[in-house]
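# Structure at a glance
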Amino acid sequence: MKVSGYSGVLAAVLAVLCGCTVQPAGGGDAKGHSPVHIGLPHGPAPVGTAPTASPPTASGTTTPTARTPSPSAVETVPPHIVYTRGDTGTGVRELQARLRQVAWLFDGPTGTYDDLTAQAVAGFQGRRGLPRTGETDAVTWQRLVRMTHRPGKWELYLMGGQPAAAPDPRCLTGRVLCISKTSRTLRWMIDGRTVSMMSVRFGAQYTPTREGVFHVYWKSRHHVSTLYHSSMPYAMFFSGGQAVHYSYDFAARGYAGGSHGCVNVRDETAIADLFAQVRNGDKVVVSW
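A short tour of the structure in this document, coming up. (Residues numbered from 1 in each chain as written. Predicted model: local features only at pLDDT ≥ 70, side-chain atom pairs only at ≥ 80, totals over all residues. Heavy atoms only, no water.)

### Some thoughts on the packing of helix H2 (residues 90-101) against helix H4 (residues 138-147)
Interhelical geometry of H2 versus H4 gives an angle of 55 degrees and a closest axis separation of 10 Å. Here H4 runs oblique to H2, going by the angle between their axes. Between H2 and H4 lies a crossing whose hand is left-handed. Contacts between H2 and H4 involve Glu94, Leu95, Arg98 and Leu99 from the first element and Trp141, Leu144 and Val145 from the second. Taken together, the residues of the contact of H2 with H4 sort by class into five nonpolar, no polar and two charged. (Axes fitted to C-alpha atoms, helices over the stretch in contact; angles between N-to-C directions. Helix = DSSP H or I, 4+ residues; strand = E, 2+ residues; numbered from the N terminus. Parallel < 35°, antiparallel > 145°, perpendicular 65-115°, else oblique. Left-handed = near helix turned anticlockwise from the far one by under 90°. Contact = heavy atoms within 4.5 Å. Nonpolar A, V, L, I, M, F, W, Y, C, P; charged D, E, K, R; others polar.)

### Comments concerning the nonpolar core
Leu177, Ile179, Leu186, Met236, Val244, Leu274 and Val284 are the most contacted members of the largest nonpolar core, which totals 22 residues. Those elements that place two or more of their residues in this core are strand E5 (175-180), strand E6 (185-190), strand E7 (193-201), strand E10 (231-239), strand E11 (242-246), strand E12 (263-265), helix H7 (268-277) and strand E13 (283-287). Non-local contacts of Val244, meaning those with residues more than four positions away in its chain, are made with Leu177, Ile179, Leu186, Tyr234, Ala235, Met236, Phe238, Val263, Val265 and Ile271. Counting 13 residues, the second largest nonpolar core, distinct from the first, contains Tyr83, Leu95, Val102 and Phe124. (Core = buried A, V, L, I, M, F, W, Y, C linked by side-chain atoms within 4.5 Å. Buried < 20%, exposed > 50% of the residue type's maximum accessible area, 1.4 Å probe, protein only.)

### Some thoughts on the pattern of salt bridges
Inspection of the entire model under this criterion finds seven salt bridges. In this structure, Asp282 and Arg175 form a salt bridge, with 3.1 Å as the shortest nitrogen-oxygen distance. Remark: Arg175 occurs in strand E5 and Asp282 occurs in the loop between H7 and E13; sequence separation between them is 107 residues. The shortest N-O distance in the salt bridge between Arg253 and Asp249 comes to 3.3 Å. One end of the pair, Arg253, and the other, Asp249, are both in helix H6 (residues 248-253), four residues apart, so they sit about a helical turn from each other. Residue Arg253 is classed as partly exposed on the basis of its relative accessible area, which comes to 41%. Look at Asp249 and you get partly exposed, because its relative accessible area is 29%. (Salt bridge = Lys/Arg side-chain N within 4 Å of Asp/Glu carboxyl O.)

### Some points on the side chain of Arg98
Checked against the element boundaries, Arg98 lands in helix H2. Contacts of Arg98, omitting those with residues within four sequence positions, involve Trp141, Leu144, Val145, Thr148, His149, Arg150 and Pro151.

Shown next as structure tokens:
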């Protein structure tokens, strides 16, 4: 039976309003049901049902439904870098001092993030299953902090490099070797002006360096101690057998050791230059 007249118009209107599909003549079932099939718009899918693909497009293809990316597809946030090559300062000194505590660094601390520091960090990271970047990220830093103690002042400046204390007032006139036990430094001063500064080490507990005002009375470039049979290059004697001189032990061990009362210098270039400038009779001030 064909749709015609009023029935045909009604079917066409319903097709526009409801999105129905009109089957052609002869397309009905054998039971004589109306050939007009009304397709009602679909409501939202019930909660908990899986999403379906989008309806077919005019070209007959299907637009895939957007999916949530898997965790592996999400961009990884780069780690926060705390210290890296070229950084300087007290924070880097602390890093180096902590690396020394766990025997991954044997140089410094210097306060400069150099290649040796990067190699030590990479070794520490590799031993603990962390990426061997050589850069100190937050995870590496936290792991290192948990394994070590906060370094003290002389661990941070084990091999020198600390700032000098203000000069003693007795150092402000004339030519003076101005030595501070508080900051462990020596200033070479002329008329109140600091010409050079270097880190120094003093006598141990039972052989302390004497304090006071003295004068250089003898210089000995290649001196060897007659009492301890140890080398004392660039020695500048100021009080009995006590002298300012270069120390191989200080250069190697830093403040982990001590002298027999002398003022040790670990920078050979610096003391060689100082030795060339100092004269017999120049003042020496040793103070706290």
